[in-house]
Amino acid sequence: MKKDTVVSLKKPAEESDPLSSLLREGARALLHDAVEAELATYLSEHAGECDAAGRRCIVRNGYLPERTLLTGLGEVPIRVPKTRDRGGRGRHFTSGLLPPYIKRTASVESVLPWLYLKGVSTGDMSAALAALLGEQAQGLSAATVSRLKRVWEDEYQSWRRRDFKRQRYVYVWVDGIYFNVRGEDARQCLLVMIGVDEWGRKALLAVEDGYRESKQSWRELLVDLQSRGFTPPSLAVGDGALGFWAALAEVSPTTRTQRCWVHKMANVLNKLPKGVQAKAKQGLQAIWMAESRAAALKAFDRFIRTYEDKYPKATAPLEADRDSLLAFYDFPAAHWQSIRTTNPIESTFATVRLRTARTRGCVSRTSLLTMVYKLGLCAEQNWRRLRGFKHLADVIENVKFIDGVKEETLQQHQRAA
């Protein structure tokens, strides 16, 4: 009887040949030299700063733990140097070529948007990518980069016309994000919408050019979505200053509204003296962290009574949005953490805001719109499924929830008691 033969198969990443090894080693060396050059520039910029003892404030302090960057050539080990601030101001060196959020570049296209938004010119991008992929990497010319940008623009136009008839989104988060644009005095506002479907999967739904978050801009976006089969969501979460709410009331009157607590707290606290902000913040947190609507209403009334006489400008907008701020109590408690704020948008586009802030208006409107779309899709791949997504079916069926619990469940407990 013939014995079975077990053959050990290598993973694709383990397959190696002398040329690939040489290219990876070249990429590692070039990357090391590029980052060291960045560090030298950073140290020279702060060379004149000294502490009380006359020592330099910013000095080298070893390296961060080694990590790997997955490129088209395979895994390339990288070590980013770090610095220490003796002046106690907490400053530290951050590599522009290797920021912490870039860990994988399965293709050149995935790293180009970050370099572009960082303000690197088309010619400089070739050198930057050569440091990542080695001097032998091909297709990094300015003409290639320009062609890729045109491809992205075509992809974006196709994406923004896609059909929604086979998808159902239960919650949506909306926000207007402002950026500097080349050759224009007014900052560009991008209207962004993220949704979660009935299976708890989050997706980027819209990135559109808007005008100051106006009602008309949001109305055009909502009408366009519905024309492509988009079903009105059960709940929309956003900042109270948006023109979105007036547009939503006309286009989708059945959708419930939830004001973002992070935005609201910031707006209220900004209208209070700094001396009372810490205590006022605790009072606001007592509202939205209450276990029931009744407890939240008590904390709400207590806050209004405490501050309305002296600071009516702070309490008036809070009182005006009372119902929308507490709408989350009518939805599953497992979803509260996600639907009380616009964090899905804020956390995703915080880095995009940082990148574009440093470009100093070097991008055009079309380029910015396309880049934000590409970066949003990159981020989408790492979004986690909504916690407690099994309750989304109940939300779609309009099951009534009281303080985050099904009304039927509460009645069963009452009967058992």
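Residues numbered from 1 in each chain as written. Predicted model: local features only at pLDDT ≥ 70, side-chain atom pairs only at ≥ 80, totals over all residues. Heavy atoms only, no water.

Engineer: So what exactly am I meant to see when it comes to the packing of helix 7 (residues 261-270) against helix 8 (residues 274-288) here?
Structural biologist: Between two packed helices, what matters for the description is the angle formed by their axes and the separation of those axes. It is the contact of helix 7 with helix 8, at a shortest axis distance of 10 Å, that shows an interaxial angle of 150°. By the angle between their directions, the pair helix 7 and helix 8 is classed as roughly antiparallel. With respect to the hand of their crossing, helix 7 and helix 8 are arranged in right-handed fashion. In this structure, helix 7 contributes W261, M265, V268 and L269 to the contact, and helix 8 contributes Q277, A280, K281, L284, Q285, I287 and W288. (Axes fitted to C-alpha atoms, helices over the stretch in contact; angles between N-to-C directions. Helix = DSSP H or I, 4+ residues; strand = E, 2+ residues; numbered from the N terminus. Parallel < 35°, antiparallel > 145°, perpendicular 65-115°, else oblique. Left-handed = near helix turned anticlockwise from the far one by under 90°. Contact = heavy atoms within 4.5 Å.)

Engineer: Sorry, what's going on with the environment of R55 here?
Structural biologist: In this structure, R55 sits in the loop between helix 1 (18-45) and strand 1 (58-63). Distance from R55 to R86, taken between C-alpha atoms, is 8.2 Å for residues 31 residues apart in sequence. Apart from the residues within four sequence positions on either side, R55 is in contact with E49, C50 and R86.

Engineer: Is there a simple way to think about the environment of H46 in this case?
Structural biologist: Relative to the helices and strands, H46 is located in the loop between helix 1 and strand 1. Residue class for H46 comes out buried when judged on its relative accessible area of 14%. Counting along the chain gives 13 residues from H46 to V59, while the straight-line C-alpha distance between them is 9.2 Å. Once you skip the residues sitting within four places of it in the chain, H46 turns out to touch I58 and R91. (Buried < 20%, exposed > 50% of the residue type's maximum accessible area, 1.4 Å probe, protein only.)

Engineer: Help me out: how do you make sense of the packing of aromatic side chains in this one?
Structural biologist: Each aromatic ring pair is specified by the distance between its two centres and by the angle formed by the two planes. The full count for this structure, using the stated rule, is 15 aromatic pairs. Seen from their ring centres, F244 and W245 are 5.1 Å apart, and the 80° between their planes marks the pair as edge-to-face. Each of the two residues, F244 as well as W245, counts as buried. Ring pairs connect the aromatic residues Y156, W159 and Y373, which therefore count as one cluster. The residue whose ring lies beneath R79 is Y63, and the NZ or CZ to ring-centre distance is 4.4 Å. (Phe/Tyr/Trp six-rings, centres within 6.5 Å; stacked < 30°, edge-to-face > 60°. Lys NZ or Arg CZ within 6 Å of the ring centre and 35° of its normal.)

Engineer: For this particular structure, what's the right way to read the nonpolar core?
Structural biologist: Proteins that are soluble and globular tend to have nonpolar side chains buried together. Counting residues in each nonpolar core, the largest one holds 49 residues, and the members touching the most others are Y171, W261, L284, I287, F303, L318 and F349. Looking at this core element by element, the count peaks at six residues for helix 9 (residues 293-307). When neighbours within four sequence positions are excluded, Y171 is seen to be in contact with I194, G195, V196, L235, F331, P332, H335, I339, L386, L392 and V395. With 22 residues, the next largest nonpolar core counts Y169, W218, A236 and V251 among its residues. (Core = buried A, V, L, I, M, F, W, Y, C linked by side-chain atoms within 4.5 Å.)

Engineer: Hey, could you run me through the packing of helix 5 (residues 215-227) against helix 6 (residues 244-251) in this one?
Structural biologist: Where helix 5 meets helix 6, the closest approach of the two axes is 8 Å, and the angle between their N-to-C directions is 40°. By the angle between their directions, the pair helix 5 and helix 6 is classed as oblique. The crossing of helix 5 and helix 6 is right-handed. Facing helix 5, whose interface residues are K215, W218, R219, L222, V223 and Q226, helix 6 presents F244, A246, A247, L248, E250 and V251. Residues of the contact of helix 5 with helix 6, tallied by class, amount to eight nonpolar, one polar and three charged. (Nonpolar A, V, L, I, M, F, W, Y, C, P; charged D, E, K, R; others polar.)

Engineer: Sorry, what's going on with unusual backbone geometry here?
Structural biologist: The phi angle of most residues is negative, glycine excepted, and most peptide bonds adopt the trans form. In the Ramachandran plot, N398 falls in the positive-phi region, its phi being about 60° despite a non-glycine side chain. Along the chain, the position of N398 falls in the loop between helix 15 (392-396) and strand 10 (401-402). Assessed through its relative accessible area of 68%, N398 is described here as exposed. Of note in this structure, D403 is not a glycine but carries a positive phi near 55°. Considering the arrangement of structural elements, one finds D403 in the loop between strand 10 and strand 11 (405-406). The exposure class assigned to D403 is partly exposed, which follows from its relative accessible area of 26%.

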